[in-house]
Amino acid sequence: MTMSDRPLLEVRGLSKDFGGLHALQGIDIDVHAGEIVGIIGPNGSGKTTFFNVLSGIFPASAGTIRFAEHQNITRLPPHRVTRCGIARTFQNQRLFNQMTVLENVCAGMVSRTRAGLLPIMLALPGARAEKAAAEQRAMELLGVFGTRLVPRRDRRAASLSYANRRRLEIARALATGPRLLLLDEPAAGMNPSETRELMSDIVRIRDRGLTIVLIEHDMHLVKGVCSRVIAFDHGEKLTEGTFGEVRNHPAVIEAYLGHRAAVAA
Amino acid sequence: MPAKWQRFSVPAIVALALAIPAVVPNAYQMGVITRICLYALLALGLNIVVGFAGLLDLGYVAFFGIGSYVYAFLASPHFGLHWPFLLALSASVVTTAIFGVLIGAPTLRLRGDYLAIVTLGFGEITYILLINLDRPINITGGPSGIVSIDPPSFLGITLRDNWQYYYLILALMGAAVALSRRLRDSRIGWAWQAIREDELAAQVMGINTVAAKLQAFAIGASFAGAGGALLASWQRSVFPDNFLFTESVNILAMVILGGVGSIPGVILGAALIVALPEIFRDFALYRLLAFGLLLMILMIFRPEGLLSFKGPPEEADPLEQVTAERQ
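In this text the structure is predicted, and so the values were computed from the model without any measurement. (Residues numbered from 1 in each chain as written. Chains lettered and ligands numbered in written order. Predicted model: local features only at pLDDT ≥ 70, side-chain atom pairs only at ≥ 80, totals over all residues. Heavy atoms only, no water.)

A. Just the overall build of chain A, in detail. Within chain A, the secondary structure is distributed over eleven helices and nine strands. In terms of C-alpha radius of gyration, chain A reaches 19 Å, essentially the compact-globule figure of 18 Å for 265 residues. Its C-alpha atoms give chain A principal-axis dimensions of roughly 70 × 40 × 40 Å. Per-residue burial for chain A yields a buried fraction of 55% across its 265 residues. Of the roughly 11,000 Å² that chain A leaves accessible, carbon and sulfur atoms contribute 52%. (Helix = DSSP H or I, 4+ residues; strand = E, 2+ residues; numbered from the N terminus. Rg over C-alpha atoms; globule rule 2.2 N^0.38 Å. Buried < 20%, exposed > 50% of the residue type's maximum accessible area, 1.4 Å probe, protein only. Areas by Shrake-Rupley, 256 points an atom, 1.4 Å probe, with all protein chains shown as cover.)

What follows is the structure, given as structure tokens:
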């Protein structure tokens with residue numbers, strides 16, 4: 001793992017207001033290539049809003065986002081952000097339910113393929129070869145999760161178990177060819193053995209050359225995979241550091257448990 | 001369907017379709033079957049917009065009308081133009097595709113009911129233009145339409161009988177089936193279906209939803225354009241009343257009845273919606289009543305359509321159960 005001096009993702013003074021509500025206030029975050037960064041914080045602390053602004057779903061009210069060689073992606077619509085190399089999953093799964101498992105991953109590949117209407121309608125060799133390659137790559141991405149998804153390639157996404165739907169969301173995000181993967185509560189609803197499996201999956205995906213930022217409430221997972229942890233509260237960055245540093249930071253304990261608990265600690 | 005069956009089913013269906021004129025006894029029935037194929041072509045086009053991309057279009061008949069009139073303009077004494085059939089047909093297809101984009105563009109931000117209402121409006125505008133554009137300059141011929149349209153002719157053979165039109169329309173319907181399948185299983189089809197399932201997630205997966213929706217509108221409209229040209233050349237005349245709102249509803253009913261998104265389903269839907277009123281012709285007074293009742297019964301017992309792409313509701317995945325037990 002090499003860490004270049006320049007961060008892959010550089011967020012400066014990022015703010016998002018909804019009317020009078022300050023959902024994000026002056027967030028500064030650097031993420032270096034190859035890191036697995038965990039974002040923690042109580043519900044409503046702005047974690048998912050941060051992902052939504054990063055991925056272009058909500059336009060930022062202020063601040064800048066620099067990503068890799070792209071100087072400023074703050075104003076880009078979601079599909080352009082994805083084409084720059086940022087992919088994400090959703091906290092409340094948003095799979096393409098009536099499409100098959102394989103088609104879900106293929107849908108992630110649309111922006112990485114080129115064939116136009118006429119070559120497709122005429123079934124020209126170029127379009128056919130591109131489609132075959134896309135399907136082969138999709139199979140390979142299903143294979144990231146061992147035998148969890150591969151045997152179910154032709155089932156509809158809606159028929160999958162909860163954990164498999166989470167895995168499919170990750171495979172679909174990987175299909176867009178990202179350098180940065182944002183995972184929004186990937187372990188939510190998973191049992192302990194599934195969470196353990198997910199942790200090794202996340203590390204394996206990082207080892208494929210990706211950088212990962214994840215939001216998670218499961219502290220066991222955060223402790224296990226994250227090289228660095230950032231704590232959010234009330235739309236602000238409270239602190240960052242190793243899991244141990246952040247876990248014992250008085251402001252973090254106060255945010256989770258209240259003022260008196262923080263004093264007692 | 002097992003793969004080895006599928007290999008035989010396509011040639012079998014094609015052979016059956018080609019043999020139909022040999023076994024159908026009279027021109028009236030041949031005419032009904034030909035109309036089924038024409039409406040199947042239209043329904044396949046609407047299926048791209050509604051079934052694949054999930055955009056509810058209630059003004060689809062507008063494209064059918066535009067296609068018909070473009071053909072009528074280019075191949076009739078109305079403007080004194082007599083373009084060859086294939087050229088006039090291509091012009092209808094291209095023109096309707098352009099109108100598909102023009103009408104699609106302002107509706108891109110609309111969803112569901114709102115999109116339906118706006119497209120309904122476009123359908124009505126088209127009808128009103130067709131009926132009123134005979135003054136101050138006579139463009140559409142007004143309520144009396146355009147007559148004496150040229151029949152199709154290739155290599156010196158001019159089509160006259162219903163069975164000849166049947167082969168022509170069947171060929172274009174077959175092409176529509178092939179194009180629908182290729183598009184559905186392509187990167188463009190993946191994008192359409194993703195938009196249908198979850199537009200925001202589709203955007204976040206890097207799909208340019210604006211471009212994909214416009215492509216759906218253009219392709220869907222162009223099928224109707226081909227259908228319109230075929231109608232004009234078969235009927236030898238076009239009237240605004242061929243393109244009433246009820247036609248949009250009929251075509252949509254074909255798509256929904258057979259199963260939204262399913263290609264065989266849409267063809268079956270076209271067959272039923274065209275044939276049933278003919279079968280009930282003896283009870284002309286009660287025809288619409290019986291037809292409506294039949295549709296209601298179907299929607300109660302099979303709301304997903306006769307041959308839906310969703311298939312029957314799925315039981316628990318046996319593979320999932322094995323995994324669950326292991327944990």
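B. Structural context of a nonpolar patch on the surface. Residues and elements named next belong to chain B. Together, Phe79, Leu81, Trp83, Leu87, Ile137 and Ile139 make up an exposed nonpolar region whose accessible area comes to about 540 Å². Positionally, Phe79 belongs in the loop between strand E1 (75-76) and strand E2 (81-82). Judged by its relative accessible area of 40%, Phe79 is partly exposed. (Patch = residues over 30% accessible without salt bridge, like charges linked within 9 Å, V, L, I, M, F, W, Y side chains within 5 Å. Salt bridge = Lys/Arg side-chain N within 4 Å of Asp/Glu carboxyl O.)

C. Examining the packing of aromatic side chains more closely. Enumeration according to the criterion identifies 15 aromatic pairs over all chains in this entry. Taking 6.2 Å as the distance between ring centres and 65 degrees as the angle between the ring planes, the aromatic pair formed by Tyr69 of chain B and Phe243 of chain B counts as edge-to-face. Here the residue Tyr69 of chain B occupies a position in helix H3 (residues 61-74), and Phe243 of chain B occupies one in the loop between helix H9 (209-235) and helix H10 (245-258), the gap between them amounting to 174 residues. Residue classification places Phe243 of chain B among the buried positions, given a relative accessible area of 3%. Above the face of the Phe96 of chain A ring, Arg172 of chain A is positioned so that its terminal group lies 4.5 Å from the ring centre. (Phe/Tyr/Trp six-rings, centres within 6.5 Å; stacked < 30°, edge-to-face > 60°. Lys NZ or Arg CZ within 6 Å of the ring centre and 35° of its normal.)

D. Representation of the packing of helix H3 (residues 101-108) of chain A against helix H6 (residues 162-175) of chain A in the model. Residue and element names in this part refer to chain A. Contact geometry of H3 with H6 gives a least axis separation of 6 Å together with a crossing angle of 35 degrees. Between H3 and H6 lies a crossing whose hand is right-handed. In this structure, H3 contributes Val101, Asn104, Val105 and Gly108 to the contact, and H6 contributes Leu168, Ala171, Arg172 and Ala175. Grouping the constituent residues of the contact of H3 with H6 by class yields five nonpolar, two polar and one charged. (Axes fitted to C-alpha atoms, helices over the stretch in contact; angles between N-to-C directions. Left-handed = near helix turned anticlockwise from the far one by under 90°. Contact = heavy atoms within 4.5 Å. Nonpolar A, V, L, I, M, F, W, Y, C, P; charged D, E, K, R; others polar.)

E. Just the sheet that holds strand E6 (residues 180-184) of chain A, in detail. Residues and elements named next belong to chain A. Read from one edge to the other, the open sheet built from six strands follows the order E5-E6-E7-E3-E8-E9, with strand pairing classed as mixed. Unpaired on one side and paired on the other, strand E5 (86-88) and strand E9 (236-241) mark the two borders of the sheet. Pairs of neighbouring strands in the sheet enclose a mean axial angle of 20 degrees, with direction left out of account. Relative to strand E8 (residues 228-233), strand E3 (residues 36-40) runs parallel, the two being bridged by four bridges. Paired with Val37 across the two strands is Arg228, which belongs to E8. (Pairing = 2+ DSSP bridges.)

F. Structural detail: the pairing of strand E1 (residues 9-18) of chain A. Residue and element names in this part refer to chain A. Two elements, E1 and strand E4 (residues 62-67), share five bridges in a ladder whose sense is antiparallel. In the sheet register, Ser15 faces E4, and the bridge partner there is Ala62. With seven bridges connecting them, E1 and strand E2 (residues 21-31) associate as antiparallel partners. For Val11, the partnering residue across the bridge sits in E2 and is Ile29. What sits between E1 and E2 in their antiparallel hairpin is a turn of two residues, with Gly19 showing a positive phi close to 60 degrees.

G. A look at the interface of chain B and chain A. Facing 35 residues of chain B, the contacting portion of chain A comprises 46 residues. Here chain B meets chain A over a buried area of about 3,700 Å², counting both sides, of which 60% is carbon and sulfur. Among the residues chain B hides against chain A, the three largest losses belong to Arg187, Trp190 and Met205 of chain B. Together they make up 23% of the total. Joining chain B to chain A, the criterion identifies one salt bridge. Residue Asp198 of chain B pairs with Arg94 of chain A through a salt bridge whose shortest N-O separation is 2.8 Å. (Buried area = accessible area lost by both parts, 1.4 Å probe.)

H. Local environment of the sheet that holds E1 of chain A. All names here are of chain A. The strand order across the open sheet built from three strands is E2-E1-E4, with neighbouring strands paired in antiparallel fashion. At either margin of the open sheet sits one strand with a lone partner, and together these are E2 and E4. The sheet shows a mean angle of 20 degrees between the axes of neighbouring strands, taken without regard to direction. The sheet contacts of helix H1 (residues 47-54) involve E1, E2 and E4, and relative to E1 the element is tilted by about 110 degrees.

I. Structural detail: the side chain of Ser45 of chain A. Residues and elements named next belong to chain A. Looking at the secondary structure, you find Ser45 in the loop between E3 and H1. Relative accessible area serves as the criterion here: at 1%, Ser45 is assigned to the buried category. Only 2.7 Å separates the side chain of Ser45 from the backbone oxygen of Pro42, close enough to count as a polar contact. Once you skip the residues sitting within four places of it in the chain, Ser45 turns out to touch Ala23, Phe232, Asp233, His234, Gly235 and Glu236. (Polar contact = N/O pair within 3.5 Å; in protein donor to acceptor, adjacent residues only side chain to side chain.)

J. Just the packing of helix H2 (residues 27-52) of chain B against helix H6 (residues 162-184) of chain B, in detail. All names here are of chain B. It is at 9 Å that the axes of H2 and H6 come closest, and there the two elements cross at 20 degrees. Taken as axis vectors, H2 and H6 run roughly parallel relative to one another. As H2 packs across H6, the resulting crossing turns out to be left-handed. Residues of the contact of H2 with H6, tallied by class, amount to 20 nonpolar, four polar and one charged. (Parallel < 35°, antiparallel > 145°, perpendicular 65-115°, else oblique.)

K. Broad picture of the environment of Pro277 of chain B. Along the polypeptide, Pro277 of chain B turns up in helix H11 (residues 263-279). Along the primary structure Pro277 of chain B and Asp57 of chain B are separated by 220 residues, whereas in three dimensions their C-alpha atoms are 24 Å apart.

L. Seen up close, helix H5 (residues 125-142) of chain A. Compared with an ideal rise of 1.5 Å per residue, which puts 18 residues at 26 Å, H5 of chain A spans 26 Å between its outermost C-alpha atoms and is within 8% of the ideal. Looking only at H5 of chain A, the buried set comprises Ala127, Ala134, Ala138, Leu141 and Leu142 of chain A. Summarising the axial view, the buried residues of H5 of chain A lie within an arc of 100 degrees, below the 170-degree limit, and thus occupy one face. The exposed set on the far side of H5 of chain A, more than 90 degrees from its buried face, consists of Pro125, Gly126, Arg128 and Gln136 of chain A. Where the residues of H5 of chain A are buried, they touch H3, helix H4 (117-121) and H6 of chain A together with helix H7 (187-197) of chain B. (Expected span 1.5 Å × (residues − 1). Arc of directions from axis to C-beta.)

M. Seen up close, the pattern of salt bridges. Applying the stated criterion to the full structure yields 22 salt bridges over all chains. In this structure, the salt-bridge partner of Glu10 of chain A is Arg66 of chain A, at a minimum N-O distance of 3.5 Å. Taken as a pair, Glu10 of chain A in strand E1 and Arg66 of chain A in strand E4 lie far apart in primary sequence, 56 residues in all. Assessed through its relative accessible area of 5%, Arg66 of chain A is described here as buried. A salt bridge links Asp185 of chain B to Arg184 of chain B; its shortest N-O distance comes to 3.2 Å. Assessed through its relative accessible area of 23%, Arg184 of chain B is described here as partly exposed. Look at the salt bridges and you will find they share partners, linking Glu35, Arg228, Lys237 and Glu240 of chain A into a network.

Remember that the coordinates give geometry; whether it matters functionally is a separate question.
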